[in-house]
Amino acid sequence: MEIESSPSTSSSALYSSDQYHVPHKWLEVQDSLKKKLVTEDDYTWKLGETGEGCGVELLKYIGGVDISFSKDDPSVACGTLVVLDFKTLDVVYEDSSIVTIDVPYVPGFLGFREAPIFLKLLEKMQNGSHPFYPQLLMIDGNGILHPRGFGSACHLGVLANLPTIGIGKNLHHVDGLTNSKVRELFEADENYNIDFIYLIGDSGNTLGAALHSSKGSFKPIFVSIGHRVSLASAVEVVRRTCNYRVPEPIRQADIRSREYLRKHH
DNA sequence: GCGACAG
DNA sequence: ATCTTGTCGC
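Residue numbering note: each chain is counted from 1, following its sequence as written. The lettering of chains begins at A and the numbering of ligands begins at 1, in the order of writing. Reporting in this predicted model follows two pLDDT cut-offs: at least 70 for local features of residues, and 80 or more for side-chain atom pairs to be given and counted; totals over whole chains, interfaces and linings ignore these cut-offs and use all residues. Remark: hydrogens and water are excluded; side-chain values derive from all non-hydrogen atoms of the structure.

Asker: What am I meant to see in the overall build of chain A here?
Answerer: Secondary structure summary: chain A contains 6 helices and 8 strands in total. Secondary structure is summarised from DSSP: a helix means a run of H or I of at least four residues, a strand means a run of E of at least two, and numbering begins at the N terminus for each. Secondary structure elements of chain A, listed N to C terminal, follow the sequence α-β-β-β-α-β-α-β-α-β-β-β-α-α. Relative to the globule expectation of 18 Å for 265 residues, the C-alpha radius of gyration of chain A, 19 Å, shows essentially globular dimensions. Considered along the principal axes of its C-alpha atoms, chain A spans approximately 70 × 50 × 35 Å. Working definition: with a 1.4 Å probe on protein chains only, accessible area under 20% of the residue-type maximum means buried, over 50% means exposed, and in between means partly exposed. Counting the 265 residues in chain A, one finds 50% classified as buried. For chain A, the proportion of contacts with a sequence separation of at least 24, taken over those separated by at least 6, is 65%. Working definition of accessibility: Shrake-Rupley area with a 1.4 Å probe, residue cover restricted to the visible protein chains. Accessible area for chain A stands at about 13900 Å²; split by element, carbon and sulfur atoms hold 50% of it. In this tally, Asp and Glu contribute negative charge and Lys and Arg positive charge; neither His nor the terminal groups of the chain are included. Taken as the charge centre is NZ of Lys, CZ of Arg, CG of Asp or CD of Glu, depending on the residue. Each charge class in chain A was averaged separately, 26 positive and 33 negative side chains, and the resulting centres sit 4 Å apart. We take the radius of gyration over the C-alpha atoms and set the globule estimate at 2.2 Å times the residue count to the 0.38 power. The contact criterion used is simple: two residues touch if any of their non-hydrogen atoms lie within 4.5 Å.

Given below as structure tokens:
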């Protein structure tokens, strides 16, 4: 007869520390959603730039999402969805919502905590048949650059059935990838004036790319595919939305969510 | 054995 | 994520 395991003994030994507890079914749900993941370009529009205006549908509305948390009450947060014009990078839509979050942050399960909030914002827009509903979404968090290949960008992409790109501002150490390894790769290629390197794990899989996205930034951002987009397209889109280190859709969502929270709380 | 740990 | 001052540069 099995003895009931103690609460500190999580079903997945992601980390040797018992600092985090993985709620029941999260691994199963993640695995189930992962089966619906599409890792290639799956959309009808083009990125434009060359020979546009020939009747082809172009990428115009690109979304960004982020969440800011209250310093006083960690359960109070503000989720924000912005939509930018891909060409001009002007914000053409913004919606923010103050919410209370009871779902804990567990490394490797960020989607469970944040995706529901973004889904609500997207549904609100979709239900109103808003003309600026995003064709593609950028998420503050990783895509397949993740311990089980299913980060929050994949999570939201599958649930929203939208092409998504994951943006990490810090490296999630996965498959043998480390910051020093990334530094080495950049230094090895620096002679060729290359501003990005592919993140290839010990498994041999390409999990994403590290990109020096703006001129004055030595610290890279970490791009990985979420859903229905190829890595090449993802990097291209990210490149073209970076006025600063952080791509504009995410940067605007970040700024505006923090501002909204400050005003309404 | 210790410690790592997207947001 | 959030806690935080000054400081360097355009």
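Asker: Explain the protein's contact with DNA strand C here, please?
Answerer: Taken together, the neighbourhood of DNA strand C is formed by Ser68, Phe69, Lys71, Lys169 and Arg258. It suffices for a single heavy atom of a residue to lie within 4 Å of a molecule or strand for the residue to be listed as near it. Each atom of DNA strand C within 4 Å of the protein belongs either to a base or to sugar and phosphate, the latter forming 100%. Contact between DNA strand C and Lys169: a phosphate oxygen at 3.4 Å from a side-chain N or O atom of the residue. We call two N or O atoms a polar contact when they sit within 3.5 Å, provided that within protein one can donate a hydrogen and the other can accept it, with sequence-adjacent residues counted only if both atoms are side-chain atoms. Within the side chain of Arg258, an N or O atom sits 3.3 Å from a phosphate oxygen of DNA strand C.

Asker: For this particular structure, what's the right way to read the nonpolar core?
Answerer: Most often, soluble globular proteins have nonpolar side chains that are buried together. By size, the foremost hydrophobic cluster in this structure holds 34 residues, and its most contacted members are Leu136, Met138, Ile165, Ile167, Val223, Val237 and Val238. Where this core is concerned, the elements lending two or more residues are strand 2 (76-85), strand 4 (136-140), helix 3 (152-160), strand 5 (164-168), strand 7 (206-211), strand 8 (221-227), helix 5 (231-239) and helix 6 (248-263). For this core, the element with the highest residue contribution is helix 5, accounting for 5 residues. What Ile165 contacts, discounting residues up to four positions off in sequence, is Leu136, Leu137, Met138, Ile139, Ala153, Val223, Ser224, Gly226, Val229, Ala234, Val237 and Val238. Residues belong to one nonpolar core when they are buried, are Ala, Val, Leu, Ile, Met, Phe, Trp, Tyr or Cys, and are joined through side-chain atoms within 4.5 Å. Among the nonpolar cores identified, the runner-up in size contains 23 residues, and Ala115, Leu121, Tyr133 and Leu137 belong to it.

Asker: Would you explain the pairing of strand 1 (residues 61-69) in this entry?
Answerer: Along any regular strand the residues' side chains alternate between the sheet's two faces. Burial runs high along strand 1: 8 of the 9 residues are buried. We call two strands paired when DSSP finds no fewer than two bridges between them. Relative to strand 2, strand 1 is paired through 9 bridges, and the arrangement is antiparallel. Directly across from Ile62, in strand 2, lies its bridge partner Leu84. If you look at the hairpin formed by strand 1 and strand 2, you'll find 6 residues sitting between the two strands. Sheet topology note: the strand 1/strand 4 ladder contains 4 bridges and is parallel. Looking at strand 4, one finds that Val65 is bridged to Ile139.

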